[in-house]
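Now for the letters of each chain:
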Amino acid sequence: MSRLEAKKPSLFISDPLTKDTVSQSLSLLNRILKSCYGPAGRLKQLHNGVGGYVCITSQSSAILGRLSVSHPVLKVLTASVQNHIARFSDCGLFTAILCCSLIENFKSLHVPSCTVIKISKHLLSLCTDYLKSEACGCRVSVDFSNLKTLLCLARSILTSKPACMLNATEVDHLAMLIVKAFMFTIPCHVETKAVLGKCVTVPVKGRRVLDSTVLPGLLIETPEIQFAKLLSVKRISSDTIKIALFCVSMSGDLFNPEEGTITVHHRISLEMSELNQLLNVGKQLVNDEVGLVVCQKVIHPSLKQYLKENQVMAVDRAGLSVMEPLSQMTGSKPIASIHSFSPSCYGSLKDVCTKSFGSKHFVHLIPNDTVVCSLVLCNRNETAWDELKCACETAEHVLQLTIKEPLALLGGGCTESHLASYVRYKTCSLSTSSFKDVDCSQTQYQLIADAFCRSLESVACSLSHDDEILTDMVYGHCWLVPSGFPSVSNWSDLLSKCGCGINSNTQNLNWRLLQPHFGSPTIQSCPKEPSVDAADLLTLDCFAAKYSGLQVAVETANLILDLSCIIEDQN
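Reading guide: rules and limits
- Residues numbered from 1 in each chain as written.
- Predicted model: local features only at pLDDT ≥ 70, side-chain atom pairs only at ≥ 80, totals over all residues.
- Heavy atoms only, no water.
- Helix = DSSP H or I, 4+ residues; strand = E, 2+ residues; numbered from the N terminus.
- Buried < 20%, exposed > 50% of the residue type's maximum accessible area, 1.4 Å probe, protein only.
- Contact = heavy atoms within 4.5 Å.
- Areas by Shrake-Rupley, 256 points an atom, 1.4 Å probe, with all protein chains shown as cover.
- Axes fitted to C-alpha atoms, helices over the stretch in contact; angles between N-to-C directions.
- Left-handed = near helix turned anticlockwise from the far one by under 90°.
- Salt bridge = Lys/Arg side-chain N within 4 Å of Asp/Glu carboxyl O.
- Pairing = 2+ DSSP bridges.
- Core = buried A, V, L, I, M, F, W, Y, C linked by side-chain atoms within 4.5 Å.
- pLDDT = per-residue confidence, 0-100.

### Remarks on the overall build of the protein
The secondary structure content of the protein amounts to 16 helices and 20 strands. Here the protein holds 571 residues, and the buried ones make up 49% of them. Long-range contacts, defined as pairs at least 24 residues apart, comprise 76% of the intrachain contacts of the protein with a sequence gap of at least 6. Accessible surface computed for the protein: about 27,600 Å², of which carbon and sulfur atoms make up 52%.

Okay, here's the thing in C-alpha cells:
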C-alpha cells in the first residue's frame, strides 16, 4: 500500500486587504490594465513559460483570460470582470480599472468598510439614476433611421484596439461593413417574436484590410478541384433552389463496434448495404427535385457522382459552425439519418454561385430573405487578424445591445469625468437628512464621494499615456494636450475638441489639469444633447455595457472591501 500524506490544515488569512502582497498585486494589475486602455494603449505579449501560442493584444478578454492570478482577492475581481465581458463584450478594461481604483482609494481612507459600502451604494444609485434620466448630459440617442450614430459606435470600438493595426481609411471601411452586416441580420418581416440573424466571419489572412467585404448569405469553403467542377443547379423555379441539409455522415462508414453488436447474414456485405442506402437517399433527393445537398461531414464519392449526373450540387465537409445559420437562412431542418427523412425538412435558396478570395474558393449560398450574411475579413497577418476578429465581434454585439436600449454614452473619457463632476456637484448640496439616511457623518460622506470621483477620473486619465489630460470647468469633459508644452493660462491654442468630440474650443471655456490624486472642482452646468451635425465623428461607448460595467465595478469593490477573512484549502 502506498504511503498516505497527512492532510494539511486550511490556511486562514484575516483582513486580507491589509496585507502588502494583496496591495502590491492589485496595484500591479491596475497598472497593467491602465497601460492597455484606449487607442494609444500599449500592447501586451502573453505566452506561457514552456512556449506555445503567443498572443499580442490590449483587449481585456484576452489579457484576463491568459493572466495567471493566484490570490483569491484578485480571482474574485477578474472573475467578475470576465463575467461582465461574457455578457456585454465591451467595457472590460473600464470595469476592471474602475474596480481596482475604487478599492485602492477607499482603502486609503481608513473608514470602516461598512460605512464605505453604504455610501458607495448611494453614490452608485446617484450615477445610475442620472444616466437613466432624460436630463443626462453624457448620453445620446441612437436613431436607427440615421446610420451616423451606429457608425460612430463601430468606429470607436475599432480605434480602441491598436493591435488591429488600422489606419483611418481602413477603420471607416470596416465600420461601414460592420453596420451593413448588422443591418443584414435584422429581419424584414417581424412577427410576434423577432429573432436576429447571424453574421459569419470568413477569415482571409495575408490580404489588404480594404479587400474585406460583406455578402448576403453564406460562404462555404470548398476545395479547388471541387470548385472547378461546379455546374448548373436544378431549380424548381427561376429564383428557387430546393436544399437538403444533412448533419450525419454520408461517407458509408460502418457502425462503431463500441455502439453494440451487429448480426450479419451470410453473403451480406455491410459496405454494399450502406452504399445502396446512400444511393437510395440520392434517388429520393432527385425525385424530390432537390438542387443542392449540404453535408456537415463527408459524402461518399459514388453518391456525389450520382447527384452530379442528375444536376444536384453536393457540398460536403461544411462543418458544424455553418449548420445553425444555414438552417436559419434556408428554413431547412438538419437531417440526422440516412434511413428515413421527410421532404418537410427541405429548405430553399434564391441562388448559388462561386466566389474566390485570394487562394480560397467558396460556394456562395444566396437566400431569399437576408438574415444571414458573411463578413469576409482580411488583414495583413494572423496576429492582427485575430485581434480584428474580436473587435468586429464586439462591435456587432454592441449594435445588437443598442436595439434593446437605443442609447450611447460619450466616449474619450468624457462620461467618466462628467459623472465625477456631476457627483461632486450633487453631493455638495445634500441635506443633513441624507447623511442620516446613510448613517454617516458629512465628513465621511465627502471623503468617500471624493474617492469615488477620483476613481472615475483615474479611468479617464488612463486614456493618456504620454499626454496631459485637462477638464473644462463648465461641462466636465476631457481634453487632451500633447506632452511637451508648458503650463499656460490659455489652453485654446492647443485644444481643438474634447475627448468625445462634442465640444470645441470655440466656446468660452476654462480648463484645468485633471489630477485624480487631488480631485477637481464642481461643474457649472451639464452639456446639451448633441445636434445631428455634431454627431458625425463622435467617440461613443455602448450604453448597456458601460452602465453594467459601472455597477459591476462598484459592487465588486464593495464585495472585496467586505472580506474579513479567507480560508484556503492547502490540499
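### Considering the packing of helix H4 (residues 92-107) against helix H16 (residues 543-561)
Closest axis-to-axis distance for the H4/H16 pair is 8 Å, and the angle between their directions is 35°. Where H4 crosses over H16, the two elements pack in a sense that is right-handed. Together, Phe94, Thr95, Leu98, Cys99, Leu102, Ile103 and Phe106 of H4 and Lys546, Gly549, Leu550, Val552, Ala553, Val554, Thr556, Ala557, Ile560 and Leu561 of H16 make up the contact between the two elements.

### Some words on the pattern of salt bridges
Taken as a whole and assessed by the stated rule, the structure comprises 16 salt bridges. The closest approach of N and O atoms between arginine 380 and glutamate 170, which form a salt bridge, is 2.4 Å. Here arginine 380 is found in the loop between strand S14 (372-379) and helix H12 (382-404), whereas its partner glutamate 170 is found in helix H7 (residues 168-184), with 210 residues between them in sequence. Among the residues examined, arginine 380 registers a relative accessible area of 38% and is labelled partly exposed. Among the residues examined, glutamate 170 registers a relative accessible area of 6% and is labelled buried. Between aspartate 450 and arginine 454 there is a salt bridge, with the nearest N and O atoms lying 3.0 Å from each other. Of this pair, aspartate 450 and arginine 454 are both found in helix H15 (residues 442-461), four residues apart, which corresponds to roughly one turn of the helix. One salt-bridge network, in which partners are shared between bridges, spans Arg424, Asp450, Arg454 and Glu457.

### What about the sheet that holds strand S13 (residues 360-366)?
Pairing is antiparallel across the open sheet formed by three strands, whose spatial order is S7-S13-S12. Two strands in the sheet have a free side with no partner beyond their single neighbour: strand S7 (218-221) and strand S12 (351-357). The mean inter-strand angle of the sheet, taken between neighbouring strand axes irrespective of direction, is 30°. As defined by bridge partners, S7 adjoins S13 across four bridges and the pair is classed as antiparallel. Residue leucine 218 lies in a different strand from S13, and its bridge partner there is leucine 365.

### Points about the nonpolar core
Counting residues in each nonpolar core, the largest one holds 125 residues, and the members touching the most others are Leu77, Phe106, Leu131, Leu158 and Leu550. Not counting the four nearest positions on each side in its chain, phenylalanine 106 is found in contact with Val116, Ser120, Ile448, Ala451, Phe452 and Leu561. Formed by 22 residues, the second largest nonpolar core is a distinct cluster that contains Val233, Leu292, Val294 and Val322.

### Some points on the confidence of the model for the protein
For the protein, mean pLDDT is 86; residues scoring 70 or higher make up 88% of the total. Within the model, the stretch residues 526-535 combines pLDDT values under 50 with 17 contacts to residues more than four positions away or in other chains.

### Re the sheet that holds strand S15 (residues 407-410)
Strand order in this open sheet of three strands is S4-S15-S19, and the pairing throughout is antiparallel. The open sheet has two free edges, formed respectively by strand S4 (139-141) and strand S19 (540-542), since each of these has just one partner strand. Looking at each pair of strands side by side, their axes are set apart by 40° on average, direction ignored.

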